[in-house]
Structure formats: structure tokens, C-alpha cells
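# Survey of secondary and tertiary structure
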Amino acid sequence: AALYKVDGWGAPYFTVNSTGNISVRSYGNDTLPHQEIDLLKVVKKASDPKSTGGLGLQLPLIVRFPDVLRNRLESLQSAFDLAVQSQGYDAHYQGVYPVKCNQDRYVVEDIVKFGSSFRFGLEAGSKPELLLAMSCLCNGSPEGLLICNGFKDAEYISLALMARKLSLNTVIVLEQEEEVDLVIDISKKLAVRPVIGVRAKLRTKHSGHFGSTSGEKGKFGLNTTQILRVVKKLQHSGMLDCLQLLHFHIGSQIPTTALLADGVGEASQIYCELVRLGACMKVIDIGGGLGIDYDGSRSPDSDVSVGYTVQEYASAVVQAVKFVCDRKAVKHPVIVSESGRAIVSHHSILIFEAVSASSYESPQVSSLGLQYLVDRLGEEAFSDYRNLCSAAVRGENETCLLYADQLKQRCVEQFKEGSLDMEQLAAVDGLCDIVSKAVGVTDPVRTYHVNLSVFTSIPDFWGIGQLFPIVPIHRLDEKPGARGILSDLTCDSDGKIDKFIGGESSLPLHELEGDGNGGRKYYLGMFLGGAYEEALGGVHNLFGGPSVIRVSQSDGPHSFAVTRAVPGPSCGDVLRVMQHEPELMFETLKHRAEEFMHETDDENGNAIDSLASRLAHSFHNMPYLTVSSPCCSL
Ligand code: PLP
């Protein structure tokens, strides 16, 4: 556990159990005690068709734990409740979940269900997100907010106004100045009194990658002059009372509570100014940004960690709003936050398998092969060879390496000229490898090939270099014998993971046992990736998304129950995404078979049928490697 810093990034949800497997502390509801679920058992159940009740799902696999999701929501709410209570704040906190972080139906439905007792709502940033938020919130708390962010056209605004007609607690947040004209116009036409928010572009700037949305030059929001113009326009139209919410977003992964308090303080001043100007202000929406400690370091100096707890975050927000409002004698507003990352990251784990690893066995070089090489060396290469031998006799390691390197370069030149053949080039590689090993400078880092697409499942690693904890989910009671980087299935040199938490350029990994055909399987988990990764992933090389299961705590023999299992998209499904028609493709290939193959081509005399069934199988299977069924014992 210490090697992979599980206690740092994993607490309180992930730990290593006595059998060396990762277990998930999936805080149950009131009727169940907190139990630990062995992740390997879950993966076995999901993927092994031979295990009792095995589901036969193909990997990669996302395992979701709704109980963890519920605990995240409840922890956030209770952190704010405590801050409100202990600081004597005169209004409450209610959160909204920005659906862009993970729009999966069951994730959103769970959030609405778990949060309905404390007015939890949703935030949408586009028309389809608004539609899904509208329908999900029909089953949520009547007070839960529906915050409408993002660029808006007339259709978006009409939809948001319809949501108000449906008695959903909808707020249209102006992100562009022009949107106010549309809102005034359309709400009059539809005879709906809107609730309007305004997104302020704060001067407070958060540095680093996630800060690009903040500061005066940030992409979103209205500057001071624009806010003043909006107030005038609303006043003119007799709608200033509709302006009730102030929103801002400093950026994701806010590194410190000092920066947070600075931004919230600035926004609170704007809030108080809007009160002074006559708006009927009620809510301050502090956006997202509650950070995740991906590397367990608790350090604010990197993009992958933050220097505060959820409780410290909540206390800093409440204190900053209260301080400003008290000085201006303004009634405390309801505090809303749009935390995404902090809500959905933990509950979802991506499981994938290492299918092979490069070995660093030296190329073999026989004495005969070496002699043949030496005979063909040019004058300079021969002199390098002689110098290498004498340095070896004298035990001069540095000199050995120097001459070995020089010899290799000259041999490559000779190969290019055509005076050395491939066997000799291989012999020089072997010789140099022996020298490196003898002087102890072999590169011990191996490449583990994983059944995964980085572009589909960890796009933020590829796109912005974001690091996630990656850990074998079993064998953690064995000392790893190797270090490795991970190479994915795509035909793309970016499809590899060679940076890991803690600034490491390789990961401690165990030797693979067997060749994957009946050998013991080796499963790795990528943790804390429940936010953004699924929503951003693409179909590079036409690898689709993973299979997904939903696992709840239960009082059954395994302490868990699979409550939903969905196989990942098949080859046919991903082809359809790019407008191909798998049914038509199948027919085309079958006709081709009828044209070019003879019925008797195979031993059973039904070549065309057998080809057709193989083709059908390929269309139906997932695009990932089909690794033969596991036989690892639990
Ligand atoms: N709200 C807005 C307006 C955002 O732009 C974002 C993310 O960028 C969020 C909320 C969610 O932020 P986070 O996931 O950091 O909580």
C-alpha cells in the first residue's frame, strides 16, 4: 500500500486487505454496517463466465460504487452544514451537480436520488444536458436548483423557461451579455417570469492549467461594465427583481483555501453591489473547483493535489461570504456550489488487464556469430572492438561503454552501406547488451501492454498530462519485481502511460505469471477517474468505452451485489458512430464470400456459413483484445 500511496489518495474509500487486494470501503446506508468489498472478487464476478454467477463481461471495465457516490454527496453537505452552524451563518447550503462531469444516466439519477433530502440539484451547460437535467429533476427535491449555464440561443432559453413552467427551480445564468436580450424577449412572449443569474468574470486568478477560466481574460462571464449594463436593461424592462443569483467559477482544482477565500470574497462584494443596485439577490453560486488529492500528497503546489480538506473548503467559503455580507449589512445568501470532480471522481474505478510485458532478455550472441561479425568489421570498427576488449580486461566500465557505443554506431553505418548483414547487426546488439549488463547500466523499465485505450478511457492524461493513481488491484502482499510503463492498444505512440503520481516515470509492477493463456491474470485499476474521463473520451482507432457494472453493498455472502451490468460498445456499435452500417457491411462481406468462396472450402463443407458466423461474432464483440478466460484463484 505504501509503495502506491494508497493511504494518501485512497482514504477513506480504498485500502489494501489482508489478502493483498484493493478493497473498497463502500459506506452503506443506515441499514447496513460499513463493509469492505474486495475489488478482485468484483472483477472476477463481472468478467469470468466460469465463476458462479459470472457475467462474462469483457474488460476494460468500469466498476461504479453508488454507495461511495452517496457518501461523497453526504460528506459535502455535512461539511457545509457544519460550517454554517458553527459560524452562525444565516442561510443554508445546497449543491448542484454539473452533469458535464459524467452524464451517465445512472450516475445522474443516483445523485438526484441521494441528494433529494438536502435539496441537491443539477447544472447543465448545453441543450441535451438541460433536457436530461429537467427530466431527472422531476424525481428530485422540489427545491433542488436547475442551473442553466453555457452559451445559450433562443431554443436553450425557451427550454429553460419551459422548465420553470414545469415548476422546476430553474435559473438562467447569463454567460454572455447578449443573452439578457433573449431572456427578456422570450420570457415576455412565453409569459414566464424567469429567475436570472449572472456569471461574473472575477479579477482573482487561479494559475496553472485549471485556471484558464478565471481572471479578467477568462473565457466566460461578464465583466464589471457588462454586469452594470445588464442591471440597467433588466431595470428598464421591469425585471430587475428576476436577477437573484450571482455565479462565478475560479477554475477546477483550486489549490488553496487562501485563493478560494480571495475569489469568494471578491464575488461577495459583487453580490452586495447587486443588492445595492436593487436586484432581488438570494443566491451566491461559487461554481466548481473543490479539488481532489490525486497523488495523496496534500500539496497545493501541483495540479494533482490540493492543500485542504472538504471541511476546510466549506469553512473558507462560508467565512468569506459572511465576512463581506456582515460588513455591508446584507442578508446572508444561500450558498450553492457546482462541485463535479469532488462528487463523482471516487465512485468509479477503471479496471484493465496487462496482457504481456516486454522482456529485457539480451539478444543471444554465439561465439561463432561474434567471430563472423569480427571478421567483417571495417578497420575503425575493428579497432573499437579491440579497445573494448582491452578495457574489459582492465575492468574500465566507462571506457567499455564508450567503445561499445562507438562500435554499434559504426556497425549501423556498415549495415546501411550494405557491408554487414542482419545477423551481424543482431550480434553487435547482443554484444552491446552484454556489456551494458556487465557494467550494470541496463534499463530495467519494461513495457507492460494493457488492454485499454488511453484516448478513450484516460483522455486527460493524453490531453493535459493529468495524473491518476494506477495500481495493481491484487498481489499487493508481494513485492513487485519490476518497474514498467503502460502501453495501450492504439496504433499511436501517445497511447502510453509513462508518468505516474509522485513524479515517477515508471510504476512498480509484478511479473506476469504465464502467457495470459491460462496464466494468472494481472489486473490494474485507475482510480479517481469518475469525473470527465468518460465524458471526454473519444473513439480513436474505434475503441469504444469499457463495460460498466454497478456494485452495491449487500449483506449477502460476498458483501456486494451487482445491480447493473452493461457490456461495452461492440465493434458494430463503434462503427455506427462513424456512420458505417454494420448490417450492410455484413451483407456486403457475405455476398463477397458467395462470389469468391466455394462451399467446400472447409472440412465441414459449409465455408460460407462458418465465415458468416465468424464475421457476425466480430461485429458483436468489443474491439479490445479477447483474452482467454482467467483461472486465477481467489
Ligand atoms: N461549474 C462550472 C461553470 C465549470 O466550468 C466547472 C468545471 O470546469 C464546474 C462547475 C465543475 O468543476 P469541478 O469539477 O472542478 O468541481
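Residues numbered from 1 in each chain as written. Predicted model: local features only at pLDDT ≥ 70, side-chain atom pairs only at ≥ 80, totals over all residues.

### Focus on the site of the ligand
Around the ligand sit 16 residues, and of these Ser-252, Gly-288, Glu-338, Gly-340 and Arg-341 come closest. Split into classes, the residues belonging to the shell around the ligand amount to 5 nonpolar, 9 polar and 2 charged. (Near = placed C-beta within 6 Å. Nonpolar A, V, L, I, M, F, W, Y, C, P; charged D, E, K, R; others polar.)

### Observations regarding the sheet that holds strand 7 (residues 145-148)
Reading around the circumference, 5-6-7-8-9-10-11-12 is the order of the 8 strands in this closed barrel, with parallel pairing throughout. Strand-to-strand twist across the sheet, computed as the mean angle between neighbouring axes with direction ignored, equals 25°. Where helix 5 (residues 127-137) meets the sheet, it contacts strand 6 (121-124) and strand 7, and its direction lies at approximately 170° from that of strand 6. (Pairing = 2+ DSSP bridges. Helix = DSSP H or I, 4+ residues; strand = E, 2+ residues; numbered from the N terminus. Axes fitted to C-alpha atoms, helices over the stretch in contact; angles between N-to-C directions. Contact = placed C-beta atoms within 7 Å.)

### A closer look at unusual backbone geometry
Following Ala-11, the chain continues to Pro-12 via a peptide bond in cis, the omega torsion being 0°. In this structure, Pro-60 follows Leu-59 across a cis peptide bond, with omega equal to 0°. By the secondary structure assignment, Pro-60 is in the loop between helix 2 (39-47) and strand 4 (61-64). Located in the positive-phi region is Leu-528, a residue other than glycine, with phi close to 65°. Relative to the assigned elements, Leu-528 resides in the loop between strand 19 (523-526) and helix 18 (533-536).

### A look at the nonpolar core
By size, the foremost hydrophobic cluster in this structure holds 154 residues, and its most contacted members are Ile-111, Leu-122, Leu-146, Val-317 and Ile-351. No other element matches helix 10 (residues 310-327), which puts 9 residues into this core. Not counting the four nearest positions on each side in its chain, Ile-351 is found in contact with Val-43, Leu-59, Pro-60, Leu-61, Val-63, Ile-473, Tyr-523 and Gly-525. (Core = buried A, V, L, I, M, F, W, Y, C linked by C-beta atoms within 7 Å. Buried ≥ 20, exposed ≤ 12 C-beta atoms within 10 Å, placed from the backbone.)

### Observations concerning the pairing of strand 16 (residues 482-487)
Where strand 14 (residues 445-450) meets strand 16, 5 bridges bridge the pair, whose relative direction is parallel. Bridge assignment links Arg-446 to a residue of strand 16, and that residue is Gly-484. When strand 16 meets strand 18 (residues 507-509), the two strands line up antiparallel, connected through 3 bridges. Of the residues in strand 18, the one forming a bridge with Gly-484 is Leu-507. Two strands pair when backbone bridges link them, and strand 16 and strand 17 (residues 496-497) are joined in this way by 2 bridges, in the antiparallel orientation. When the sheet's bridge partners are listed, Leu-486 is paired in strand 17 with Ile-497.

### Structural notes on the sheet that holds strand 2 (residues 22-26)
Adjacent strands of a sheet pair through backbone hydrogen bonds, lying either parallel or antiparallel. Pairing within the open sheet is antiparallel, and its 3 strands lie in the order 1-2-3. With partners counted over all chains shown, the strands left at the sheet margins are strand 1 (14-16) and strand 3 (35-38), one partner each. Averaged over all adjacent pairs, the angle separating strand axes in this sheet is 40°, with direction ignored. By the bridge criterion, 4 bridges tie strand 2 to strand 3 in an arrangement that is antiparallel. From the neighbouring strand, Val-24 faces strand 3, where its bridge partner is Ile-37. Where helix 2 meets the sheet, its contacts fall on strand 2 and strand 3, and the angle it forms with strand 3 comes to roughly 50°.

### Regarding helix 14 (residues 397-417)
The end-to-end C-alpha distance of helix 14, which contains 21 residues, comes to 30 Å, matching closely the 30 Å that a straight helix rising 1.5 Å per residue would cover. Turning to helix 14, its buried residues are Cys-400, Tyr-403, Ala-404, Leu-407, Arg-410, Cys-411 and Gln-414. Along the long axis of helix 14, the arc covered by the buried residues comes to 135°, so they all point the same way. Across from the buried face of helix 14, at angles greater than 90 degrees, the exposed residues are Glu-398 and Lys-416. Buried residues along helix 14 sit in contact with helix 13 (379-394) and helix 15 (422-439). (Expected span 1.5 Å × (residues − 1). Arc of directions from axis to C-beta.)

### What to know about the packing of helix 3 (residues 66-86) against helix 10
Direction vectors running N to C along helix 3 and helix 10 enclose 45°, while the axes themselves pass 8 Å from each other. When the interaxial angle is binned, helix 3 and helix 10 end up oblique. Note that helix 3 runs across helix 10; the crossing there is right-handed. Contacts from Ser-75, Leu-76, Ala-79, Phe-80, Leu-82, Ala-83 and Val-84 in helix 3 reach Val-310, Gln-311, Ala-314, Ser-315 and Val-318 in helix 10. In terms of residue class, the contact of helix 3 with helix 10 is built from 9 nonpolar, 3 polar and no charged. (Parallel < 35°, antiparallel > 145°, perpendicular 65-115°, else oblique. Left-handed = near helix turned anticlockwise from the far one by under 90°.)

### Notes on the environment of Ser-559
Relative to the assigned elements, Ser-559 resides in the loop between strand 20 (547-553) and strand 21 (560-566). Residue Ser-559 is classed as partly exposed on the basis of its 18 C-beta neighbours within 10 Å. Residues Ser-559 and Gln-35, spaced 524 residues apart in sequence, show a C-alpha to C-alpha distance of 7.0 Å. Discounting chain neighbours no more than four positions away, the residues touching Ser-559 are Gln-35, Ile-37, Gln-553 and Ser-554.

### Examining the environment of Val-374
Secondary-structure assignment places Val-374 in helix 12 (residues 367-376). Judged by local crowding, Val-374 falls into the partly exposed class, with 16 C-beta atoms found within 10 Å. Distance in space between the C-alpha atoms of Val-374 and Val-562 is 65 Å, their sequence separation being 188 residues.

### Focus: helix 20 (residues 582-596)
Relative to the 21 Å expected for 15 residues at 1.5 Å per residue, helix 20 spans 21 Å between its end C-alpha atoms, a close match to the ideal helical length. Counting buried residues along helix 20, only 0 of its 15 residues qualify, which leaves the element largely exposed.

### Section: the packing of helix 5 against helix 6 (residues 154-165)
Pairs of packed helices are described in terms of their axes, by the angle between the two and the distance that separates them. Relative orientation of the contacting elements helix 5 and helix 6 amounts to 10°, with a least axis distance of 10 Å. When the interaxial angle is binned, helix 5 and helix 6 end up roughly parallel. Across the interface between the two elements, Lys-127, Leu-130 and Met-134 from helix 5 touch Glu-155, Tyr-156, Leu-159, Ala-160 and Ala-163 from helix 6.

### Observations regarding the environment of Arg-119
For Arg-119, the position within the fold is in the loop between helix 4 (105-115) and strand 6. It is 7.9 Å that separates the C-alpha atoms of Arg-119 and Gly-140, two residues lying 21 residues apart in sequence.

### With respect to the confidence of the model for the chain
In regions of low pLDDT, the predicted coordinates are not meant to be interpreted in detail. Put simply, the chain has an average pLDDT of 92, and 94% of its residues get 70 or more. Predicted confidence for residues 629-634 stays below pLDDT 50, and this span has 11 contacts to residues more than four positions away or in other chains. (pLDDT = per-residue confidence, 0-100.)

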